[in-house]
Amino acid sequence: MNNRIIYTIGKTLALLILVCSCKSEKKKPVVVSEPIAVNYLEESKTDFDERMEWWRNARFGMFIHWGPYAIPAGTYNGKPVDGIGEWIMNNAQIPIAEYEVFSKQFDPQQFDADEWARIMKEAGMKYVVITSKHHDGFCLWNSKVSDYDIIDFSPYKKDILKALSDACKKQGIKFGVYHSIMDWHHPDAQSINYPEYNNASEPGGNPNFPLYLENYLKPQMKELIENYDVEIMWFDGEWIEEFTHDNGKELYQYVRSLKPSILINNRVDKGRQGMQGMNKADADYAGDFGTPEQEILEGSSTLDWESCMTMNDTWGFKKNDHNWKSAQTLIHNLIDVTAKGGNYLLNVGPTAEGIIPAPSVERLQAVGEWLSRNGEAIYGTEKLKGTYRQGNDILFTKSKGQNVYYAISLTKPKTEIIIEHVQAQEGSDIVLLGSSIPLEWTYTSEKGVKISVPSTVLEELDENHAWTFKIEGNEIVNKISE
Ligand code: FHN
């Protein structure tokens, strides 16, 4: 059979198939998913490192949990409610209609975005992540797809995220938002994990989680990213059964497509291993960094990670939670996280009036003062190749791109200190950060760098929390001794 005949038959067949399929399209619409222009899950290491660079250098950010839960502030019907403050709706089994009374009372007249940004700046924080919507479903911005927001539902009627985003920009602080996938208020977002909030759109109907994702959560992503210059999208509430690994990968792609430079935590998908926060290795889970919660990784990791922690025992404000960590604990946490190559996201829970609690502000001021003298050992540093610590009290960081090492002692040095993992450059000066006085030192391969620390230098430094030795030289990767 000659080629021409074969071509004609083939063409006729193709035409027939096309006509049939068109007819079937008329009967049932075929959703042809848009081709993904870019597959953000297959980003090159170079592009990934470039996108993460500012965040890795920043090291230290403020977490803010704020919403109507600050009104009950841990007490309901006159009784204290156990658990973290922002969970009071669930922990006290408050029906939606009753909780909405708090949302209608949420009127933070003392909120001053510029004051909050000043507090962050003076604390040495380089970015902020604020709850745009927590599990209770209340939105702190003017959402076009919801009336359950600060403009339409509360008496305050001003866009909190807009004010804070603008104030942070003035201070050079990167703006990020926390967003809960789980939503106890939206009729289609109900999860079987929380049947008490099963108020599906149609009476007796079933919640339609995919509809919530497509018609509510994703449009809100678009609003937040397009209107508030969001640099970090910090998801949470991903653990509910209705939200799948495929949902997670798709949501990651969608958010990156809205702003390719945006950073997204690993709670966008299903990989997180509980409060330890890092992804399981059994699949390709989406997310740019791991999220240990209320804990710091035991060791370091080859992956990016950020420990989020509270200053007391709650994220959202609780009027009776006075269990504040000391400023020294917060500073030591920051040093520990940095030496292990992570970031530290430290939480504040403002009051219903819009005030960051004084104990939080006092601690942030102390951290900021320490960073004003020792910041070069934190910002723009990387972890050492060999180890991050010597014994229990000395932690190491390294300036990126320079042979400059920082040995940070968590206890006040005696008149002599030995640093084992760095060989000081011959003829170089070793100083304590905050002092310009060069310290006497000798080096032996057996012992390491032996530094004399005169009491006069310590007295002049008047340091109370952690002492940083700045050493030019090279890392000794094979440890001398632990
Ligand atoms: O349930 C939330 C909790 O309220 C808080 O937002 C923390 C902070 O990361 N995340 C979840 C608990 O893991």
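Cut-offs and rules
- Residues numbered from 1 in each chain as written.
- Predicted model: local features only at pLDDT ≥ 70, side-chain atom pairs only at ≥ 80, totals over all residues.
- Heavy atoms only, no water.
- Pairing = 2+ DSSP bridges.
- Helix = DSSP H or I, 4+ residues; strand = E, 2+ residues; numbered from the N terminus.
- Contact = heavy atoms within 4.5 Å.
- Axes fitted to C-alpha atoms, helices over the stretch in contact; angles between N-to-C directions.
- Near = heavy atom within 4 Å.
- Polar contact = N/O pair within 3.5 Å; in protein donor to acceptor, adjacent residues only side chain to side chain.
- Areas by Shrake-Rupley, 256 points an atom, 1.4 Å probe, with all protein chains shown as cover.
- Nonpolar A, V, L, I, M, F, W, Y, C, P; charged D, E, K, R; others polar.
- Buried < 20%, exposed > 50% of the residue type's maximum accessible area, 1.4 Å probe, protein only.
- Parallel < 35°, antiparallel > 145°, perpendicular 65-115°, else oblique.
- Left-handed = near helix turned anticlockwise from the far one by under 90°.
- Salt bridge = Lys/Arg side-chain N within 4 Å of Asp/Glu carboxyl O.

> Account for the sheet that holds strand E4 (residues 127-133), naming residues and giving values.
The parallel open sheet is built from 7 strands, whose spatial order is E7-E6-E5-E4-E1-E9-E8. Because the sheet does not close on itself, it has two edges, and the strands there are strand E7 (263-264) and strand E8 (306-309). Relative to strand E9 (residues 343-348), strand E1 (residues 60-64) runs parallel, the two sharing 5 bridges. Note on E9: the bridge partner recorded for phenylalanine 63 is asparagine 347. Contacting E1 and E4, helix H5 (residues 113-123) runs over the sheet at an angle of about 150° to E1.

> Just give me the short version of the site of the ligand, but keep the residues and values in it.
In the vicinity of the ligand lie 16 residues, with His65, Glu86, His135, Asp236 and Glu293 positioned nearest. With respect to the ligand, the side chain of aspartate 236 contributes an N or O atom lying 2.6 Å from a nitrogen atom. One nitrogen or oxygen atom from the side chain of glutamate 293 is found 2.8 Å from an oxygen atom belonging to the ligand. Coverage of the ligand by the protein amounts to 96% of the 330 Å² it exposes when considered alone. Among the residues making up the shell around the ligand, the classes are represented as 9 nonpolar, 3 polar and 4 charged.

> Describe in detail the environment of isoleucine 94, supporting the description with residues and values.
Note on placement: isoleucine 94 falls in the loop between helix H3 (88-91) and helix H4 (96-105). The buried category is assigned to isoleucine 94, whose relative accessible area is 0%. Measuring from C-alpha to C-alpha, the distance between isoleucine 94 and tyrosine 76 comes to 8.8 Å, with 18 residues separating the pair along the chain.

> Lay out the packing of helix H9 (residues 327-339) against helix H10 (residues 358-374) in plain terms, naming residues and giving numbers.
Closest axis-to-axis distance for the H9/H10 pair is 9 Å, and the angle between their directions is 50°. As far as their axial angle goes, H10 and H9 are oblique. Here H9 runs over H10; the crossing is right-handed. Here H9 contributes Ala327, Leu330, Ile331, Leu334 and Ile335 to the contact with H10, which in turn contributes Arg363, Ala366, Val367, Trp370 and Leu371. Partitioned by chemical class, the residues of the contact of H9 with H10 number 9 nonpolar, no polar and 1 charged.

> Describe in detail the pattern of salt bridges, supporting the description with residues and values.
Note on pairing: side chains with opposite charge can pair once their charged atoms come close. If you walk through the whole model with that rule in mind, you get 27 salt bridges. Between arginine 363 and glutamate 362 there is a salt bridge whose closest N-O contact spans 4.0 Å. On the accessibility criterion, glutamate 362 (48% relative accessible area) is partly exposed. Shared partners join several salt bridges into a network, and the residues in it are Asp236, Glu238, Arg267, Arg272 and Glu293.

By themselves, these observations are geometric and do not establish any function.
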